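Understanding the architecture of this molecule
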Amino acid sequence: MSYLGPEFDPPQPRRPRRGPLTVALAALVPGALLGWVVYEAVGGGTGDGGVRTASAAPASGTSAAPSPSARSASPSAATDDGKRPSGGSASGPLKGKVVVIDPGHNPGNFQHTAEINRKVDIGTNRKECDTTGTSTNDGYTEARFTLDVAHRLRSLLEKQGATVKLTHDGDSPAWGPCVDQRARIGNGAHADAAISLHADGSAQGNRGFHVILPGSVHSGAANTRRIVGPSHDLGVRVAGNYLRETGEPPSNYLGNGTGLVTRTDLGGLNLSTVPKVFIECGNMRDSKDAALLTSGAWRQKAAQGISEGIVSFLRGS
């Protein structure tokens, strides 16, 4: 997801690098702290290129990329994406737990720009309903990526016994939902945990993932004060497990090497009443990250890391 749109303001500028940076990312486990995982972050260029507006179509490219009008219920027909009716196993460590997965954007948004551009209330102010998202330079869209990872993540969590709900899937709904409705889906499901899946659209050389945590907001319909603590716990666990499973470094352009960013301007977080985080799985506009994000095998690792973070949170909460 680019930083131009309803959910995001422009990113903080990168600080000049003074040499190799050793970063450490915390991953909590029930009742104790794991050691920080040490990783030497990858350097890269500065800038804020590659952003996409709500009315823009994805770049044309290789055969792996659909045209804006190409709707597919399955983001990756050549792989098992875990797409099937939701429902947990009869037993498992997460039996009785509810997880809501929010795949960022929607492949149909490109055909519904008028609808997604209308303003909705996010508590602190009003922003557009949704955006089209970003894409790799070869045209693999963020919306396809997030649905693919969501299907894989759902499959993993259901095997643990969780009941899993997606905010949208395939052609239902045809566009959106709006960011306020995405939050309400998690709230209405009384989710024990919710996560919104994204990929960034920053400049070449800007690499890595980051998890976005809700800040304390109490304005209008937004009141995150009760979820700030548990959401932070969820985010730290997701970040640590994601790093371990994928090898993707924490962002070298946001979060000061921690892989964690706190925001108070996101409708999907501001309006949530259940523990919730966003994850930007990598930068689609960076060639190294794009090579990973377009790999089905790597997307399975991404889903595994996110799943293990959620399982750790739910078993420890």
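What you are looking at is a predicted structure, and each value in this text was computed from that prediction instead of being measured. (Residues numbered from 1 in each chain as written. Predicted model: local features only at pLDDT ≥ 70, side-chain atom pairs only at ≥ 80, totals over all residues. Heavy atoms only, no water.)

Focus: the packing of aromatic side chains
The geometry of two aromatic rings is summed up by the distance between their centres and the angle between their planes. Note the following rule: Aromatic contacts are taken between Phe, Tyr and Trp rings whose centres are within 6.5 Å, Trp giving its six-membered ring; a plane angle under 30 degrees counts as stacked, one over 60 as edge-to-face, and the others as tilted. Helix and strand assignments come from DSSP, with helices taken as H or I runs of at least 4 residues and strands as E runs of at least 2, each series counted from the N terminus.
This model, assessed by the stated rule, comprises 2 aromatic pairs. Measuring from centroid to centroid gives 6.3 Å for Tyr242 and Trp298, while their planes differ by 90°, and the two rings are edge-to-face. Taken together, the residues Tyr242 in helix α4 (residues 228–246) and Trp298 in helix α7 (residues 296–316) connect sequence positions 56 residues apart. Taken together, the ring pairs in this structure connect Phe209, Tyr242 and Trp298 into an aromatic cluster.

Considerations on the state of the cysteines
By definition, a disulfide is the covalent link that joins the sulfur atoms of two cysteine residues. Here is the rule we go by: When the sulfur atoms of two cysteines come within 2.5 Å, that pair is taken as a disulfide.
As enumerated under the stated definition, the model contains 1 disulfide in all. Here Cys129 pairs with Cys178 through a disulfide, and the sulfurs are 2.1 Å apart. With the S-S bond torsion at -95°, the cross-link from Cys129 to Cys178 turns out left-handed. Here Cys178 lies in the loop between β8 (163–166) and α3 (179–188) and Cys129 lies in the loop between β7 (126–128) and α2 (142–159), a separation of 49 residues in the sequence.

Overview of the environment of Ser231
Just so we agree on the cut-off: Note on contacts: a residue pair qualifies if any of its non-hydrogen atoms lie within 4.5 Å across the two residues. N or O atoms within 3.5 Å of each other form a polar contact, as long as, within protein, one can give a hydrogen and the other can take it, and as long as residues adjacent in sequence are counted only when both atoms are side-chain atoms.
By secondary structure assignment, the location of Ser231 is in helix α4. For the pair Ser231 and Lys276, spaced 45 residues apart in sequence, the C-alpha to C-alpha distance is 5.4 Å. Excluding residues that lie within four positions of it along the chain, Ser231 makes contacts with Leu213, Pro214, Val274, Pro275, Lys276 and Val277. Of the polar contacts made by the side chain of Ser231, one reaches the backbone oxygen of Ile227; its length is 2.7 Å.

Some thoughts on the pairing of strand β9 (residues 193–200)
The criterion, for reference: Working definition: with a 1.4 Å probe on protein chains only, accessible area under 20% of the residue-type maximum means buried, over 50% means exposed, and in between means partly exposed. Each pair of strands is called paired provided DSSP finds at least two bridges between the two strands.
The element β9 is largely enclosed, with a buried count of 8 among its 8 residues. Burial along β9 is two-sided: the face carrying Ala193, Ile195, Leu197 and Ala199 and the face carrying Ala194, Ser196, His198 and Asp200 are both buried. Bridging between strand β5 (residues 98–103) and β9 involves 5 bridges; their strand directions are parallel. Each bridged residue has a counterpart across the sheet, and for Asp102 the counterpart in β9 is Ser196. Taken together, the 6 bridges between β9 and strand β14 (residues 276–283) define a ladder with parallel strand orientation. Counterpart to Asp200 in the pairing with β14 is Asn283.

Side note on the pattern of salt bridges
Using the following cut-off: Salt bridge criterion: a side-chain nitrogen from Lys or Arg within 4 Å of a carboxyl oxygen from Asp or Glu.
In this structure the tally under the stated criterion is 14 salt bridges. In this structure, Arg207 engages Asp289 in a salt bridge whose closest nitrogen and oxygen atoms are separated by 2.8 Å. Note that Arg207 is positioned in the loop between β9 and β10 (210–214) and Asp289 in helix α6 (residues 287–293), a separation of 82 residues in sequence. Residue Arg207 is classed as buried on the basis of its relative accessible area of 10%.

Points about the nonpolar core
As a reminder, the rule being used: As used here, the term nonpolar core means buried Ala, Val, Leu, Ile, Met, Phe, Trp, Tyr and Cys residues forming a set that is joined through side-chain atoms within 4.5 Å.
One finds Leu157, Ile306 and Ile310 to be the most contacted residues of the largest nonpolar core, which totals 40 residues. Taken together, the elements giving at least two residues each to this core come down to β5, α2, β8, β9, β10, α4, β14 and α7. Considering each element in turn, this core owes the most residues, 8 residues, to α7. Apart from residues no more than four positions distant in its own chain, Ile306 is found in contact with Val149, Leu153, Ile195, Leu197, Val238, Tyr242, Ile279 and Cys281. Residues Val98, Val100, Ile185 and Val274 belong to the second largest nonpolar core, which totals 6 residues.

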